[in-house]
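Per-entry structural report
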There are 2 protein chains.
Amino acid sequence: MSIEKLHYFFEPRSVAVIGASTRVDSPGYVIFKNLLDNKRAGILKAEVYGVNIKGGEVLGEKLFRSVLEVPDDIDHAIIAIPAKFVPEAMEECGRKGIKVVTIISSGFSEVGEVELENKVRKIGKNYGMRIIGPNGLGVYDPYTGIDTLFIPPKKIIDGKETVNLARPPKGFIAFLTQSGALGGALLDYLWGEELGVSKFVSWGNKIDVDEVDMLEYLKGDPNTRVVAIYMEALKAGGRELIRKGREFTLRKPIVVLKGGTTEAGARATQSHTASLAGNYRIYVGAFRQMGAIVAESVLELMDMCKALALQPPAHGKNVGIVSNGGGPGIIVADQLERRGLRVPKLSDDTLRELKQAVKDGTIPSIATFANPIDISGTASDDAYVKATEIVLNDKNIDLLIVLALHHPPTLTGRLPEKLLSVMKDSKKPVLIMDIGLGELSRYVRRIFDKNNIPSYTLPIRVASGAKALVEYGEYLARQGVINDYLESWEPPRRLS
Amino acid sequence: MSIEKLHYFFEPRSVAVIGASTRVDSPGYVIFKNLLDNKRAGILKAEVYGVNIKGGEVLGEKLFRSVLEVPDDIDHAIIAIPAKFVPEAMEECGRKGIKVVTIISSGFSEVGEVELENKVRKIGKNYGMRIIGPNGLGVYDPYTGIDTLFIPPKKIIDGKETVNLARPPKGFIAFLTQSGALGGALLDYLWGEELGVSKFVSWGNKIDVDEVDMLEYLKGDPNTRVVAIYMEALKAGGRELIRKGREFTLRKPIVVLKGGTTEAGARATQSHTASLAGNYRIYVGAFRQMGAIVAESVLELMDMCKALALQPPAHGKNVGIVSNGGGPGIIVADQLERRGLRVPKLSDDTLRELKQAVKDGTIPSIATFANPIDISGTASDDAYVKATEIVLNDKNIDLLIVLALHHPPTLTGRLPEKLLSVMKDSKKPVLIMDIGLGELSRYVRRIFDKNNIPSYTLPIRVASGAKALVEYGEYLARQGVINDYLESWEPPRRLS
């Protein structure tokens, strides 16, 4: 199907919540309140209308008995009423000329109500309305303020308002998820990681808009630099997805996490087949064919997307590691090599330059240069900058990881800025790891992140980031487009 | 060697810092200040003396020119002066009758000064003084306030005091690390995870006190319920460690992370051997022989220790999963089965009881009971409690994971307490996962943690915890002691 209407989901001129209600834990109330709050805060530009068959008023807004009564055109309707009433509401949406509908309601094919679901799909088709859902959380777009998540942002705990589901800020990752529960919870996690999203879509039963449509749409979305997909089963259209995916990944990377890869997992997805292991292998084969990177865990999905959103793909799999601590460097090297990356010896030129820096007194004499390079816990800011600059220029190195372990007394709070001065114009990808969760750890990582150098807290995490950049680079090389890609690659613009 | 003196490292009656200095970024200053601060805060009971060959005064305290001048017995000396002066200081410590010495100074065998190191070791032997170090961070004990970490707790950033290395609170994990850089950074991480330690030892070149001694000592330490070890190479005494480890793991679990398991990693440990993969296999074999659990990453090391500190080992590998979201349950099941655990179908009795609870209206009718059990996003607190209670009693289930995903509007802030009421007397291990980093996520997890039910943020993390409990149970079963162990197992006391 054409994607010409998809933009109405994310940037409608007007939106109606069908099922806006006074019951504060009802999905309709939560969604209506989200939108009104965003409207009042100036984030959402669209007009917001509440619809409830009983009429009345909620949150100071008059409720219309039907969308047909709303005295304005409506681009996007959000339906949050019991399943059996959805067909009628859809008919009215169609007659109103509404462009797109997000159906939050559950009670369709997931509980055996296949006919009801088919009826809804058919009404959408008849009127040319695109549908996201039913039985999902719908859409969230921090750029436009569209937020159909019926999970309340706050709850009352011990009489006190407590943040229930923090929404992540603006970012570059589009997150498409088959599981609403996972999607919602991950938004809360991304918020804590200060990792933003461009768009979030939880499509539940996915009766219309699917991965194929969204990839086509996101190809042209300036806010999306990488797409994260959580998928349990492909209902149909695998071939089309591979075709569309191949087109997409020539421009932007995709990372996929597949749920139900083991016997118990698949049993729960209700997609049990005779040969499960084989089934997963088929999926992985399909993902690889479309150029997508396969994540092995939720954490890896996030860590890979963070690297791909901010840094260019790597031209090869040789990683340089600059550290001021032996152990952390060793563990990062272990994790990289386990993932098939290489941590090679440095070139003779690089070793010569490093030794010269030792002679000059910039790098401590107890430093070791085996790669991981350990400039030791007595290294100064300047030693870090010098070592980073030298190793970044090594022709044997495709990607650099700097372990900016800020703890020793010889390092100042200015270290991140000084490192940025030699990293920011690098054509090679650069990643940061700084273990720790304290105040200064967060401060250090935030500076790097804000300057598009992805930072990580743990060895496995930075290794996942590196793996993604290497795998994507290898894919582009196999397609013969890596040089063109790198030439036209631009760092993301800074977000306010 | 005997362990009779080891307690002086952690609970001395008096401590001297040799190298206490006015230079605020010098190790001696930082350590002296840590100890004085802890003394003044009433945490440290020991007397604290500063020693500096130049005399003078720092932080309002008179400095003695030699330990011999201190008008008091000293149990524990901390040496933080240039390496070449260490032998003389050690001689004075010996003559003073000091029991144990932590040597922070670097500049010994790690830079080729093997003779100097041997000299220091010999002086310790002559006087019967035990040594931790040199070239490490030394020891940290949150129970007694001993803190020889020369990493400043705070740094000045933009004119503002900023926490540089937050120390974790009192807990049950003893952490022994060959890498000071990793150790220090991990303390900062553990602080953020609100995961406490019983003792921390960073022994650098490890010329005297080693794993064998510490295991012997920690066997009787009431604060230590599990030991985490980061190890790059065993210098000698592997056989002795296996023997001591076997004794130890019959009483308390050990988790080991080995650094340098790949070519590049091992190159950096300077323990390069002809057959590396074989080398790691030998290590893993030795760890298994001693009953230790092998962690594959820093994150897994922490997650395994958290589970082992708070919960009993599992009697088998069958895991039950109760969730209110399909996706998260599926992913946890995938991660468990990848680690060799099983997520079996529930017994007929259990299914009957669950179906009865649906009939009674406690559990929503759209719930599915395939294990993972998905009580759906519309489940109430009571549905959660009921499902948890029923599955916990299933005779096919050895360990229960509850995905207490708190986000849906139908769940209240009281859910954790209600779940605890059916979990707290369980003989089977129980773990919690709640994805998210927001305010309510942290609140929920903190309640479980404080009540000894370990909580995790991500599927791989809770799967690591489960794996540790299953592996330790299997080991105890092979040794024929699992029933005795479980009978005498006690939950940890609550910490203030």
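Everything below is about the structure shown above.
Anyway, here's the lowdown on the structure attached to this text. (Residues numbered from 1 in each chain as written. Chains lettered and ligands numbered in written order. Predicted model: local features only at pLDDT ≥ 70, side-chain atom pairs only at ≥ 80, totals over all residues. Heavy atoms only, no water.)

Quick look at the sheet that holds strand β9 (residues 146-147) of chain B
All names here are of chain B.
- What the seven strands build is an open sheet, ordered β9-β8-β13-β12-β14-β15-β16; its pairing is mixed. Bordering the open sheet on either side are β9 and β16 (293-294), each of which pairs with just one other strand.
- Taken together, the five bridges between strand β14 (residues 226-231) and strand β15 (residues 254-258) define a ladder with parallel strand orientation. Bridge assignment links I229 to a residue of β15, and that residue is V256. (Pairing = 2+ DSSP bridges. Helix = DSSP H or I, 4+ residues; strand = E, 2+ residues; numbered from the N terminus.)

Concerning the relation of the copies chain B and chain A
- Of the two same-sequence chains, chain B is brought onto chain A (RMSD 0.0 Å, axial shift 0.0 Å) by a rotation of 180°. Taken together, the rotation angle and the small translation identify this as a two-fold axis.
- The fraction of interface residues of chain B whose copies in chain A are also interface residues reaches 100%, indicating that both copies meet through the same surface. (Least-squares fit on C-alpha atoms with pLDDT ≥ 70 in both. Contact = heavy atoms within 4.5 Å.)

Re the interface of chain B and chain A
- If you look at the interface, chain B gives 85 residues, while chain A gives 86 residues.
- For the chain B and chain A pair, buried surface summed over both sides reaches about 6,400 Å², with 63% attributable to carbon and sulfur atoms.
- Of all residues in chain B, the largest losses of buried area upon contact with chain A belong to B:R267, B:H407 and B:P409, amounting jointly to 10% of the total for that side.
- Along the contact surface separating chain B from chain A lie six salt bridges.
- Looking at which element gives the most residues to the side of chain B that touches chain A, the answer is helix α11 (residues 326-338) of chain B, with 10 residues.
- A breakdown of the residues in the side of chain B that touches chain A according to their chemical character gives 40 nonpolar, 26 polar and 19 charged. (Buried area = accessible area lost by both parts, 1.4 Å probe. Salt bridge = Lys/Arg side-chain N within 4 Å of Asp/Glu carboxyl O. Nonpolar A, V, L, I, M, F, W, Y, C, P; charged D, E, K, R; others polar.)

Points about the packing of aromatic side chains
- Inspection of the entire model under this criterion finds 12 aromatic pairs over all chains.
- Look at A:F175 and A:F200: their rings are 5.7 Å apart centre to centre, the planes differ by 65°, and that puts the pair in the edge-to-face class. Remark: A:F200 occurs in strand β13 (residues 197-202) and A:F175 occurs in strand β12 (residues 170-177); sequence separation between them is 25 residues.
- By relative accessible area, A:F200 is classed as buried at 0%.
- When the centroid spacing of 5.5 Å and the interplanar angle of 85° are considered together, the rings of A:Y472 and A:Y485 count as edge-to-face. Of the two residues, A:Y472 sits in helix α16 (residues 459-478) while A:Y485 sits in helix α17 (residues 482-488), which places them 13 residues apart along the sequence. Across the pair, A:Y485 and A:Y472 agree in class, each one buried.
- Among the aromatic residues, ring-to-ring pairing joins A:F9, A:F10 and A:Y217 into one connected group.
- If you follow A:K258 out to its NZ or CZ, it ends over the ring of A:Y283, 4.4 Å from the centre.
- The ring of B:F10 has B:K199 sitting right over it, with the charged end atom 5.2 Å from the ring centre. (Phe/Tyr/Trp six-rings, centres within 6.5 Å; stacked < 30°, edge-to-face > 60°. Buried < 20%, exposed > 50% of the residue type's maximum accessible area, 1.4 Å probe, protein only. Lys NZ or Arg CZ within 6 Å of the ring centre and 35° of its normal.)

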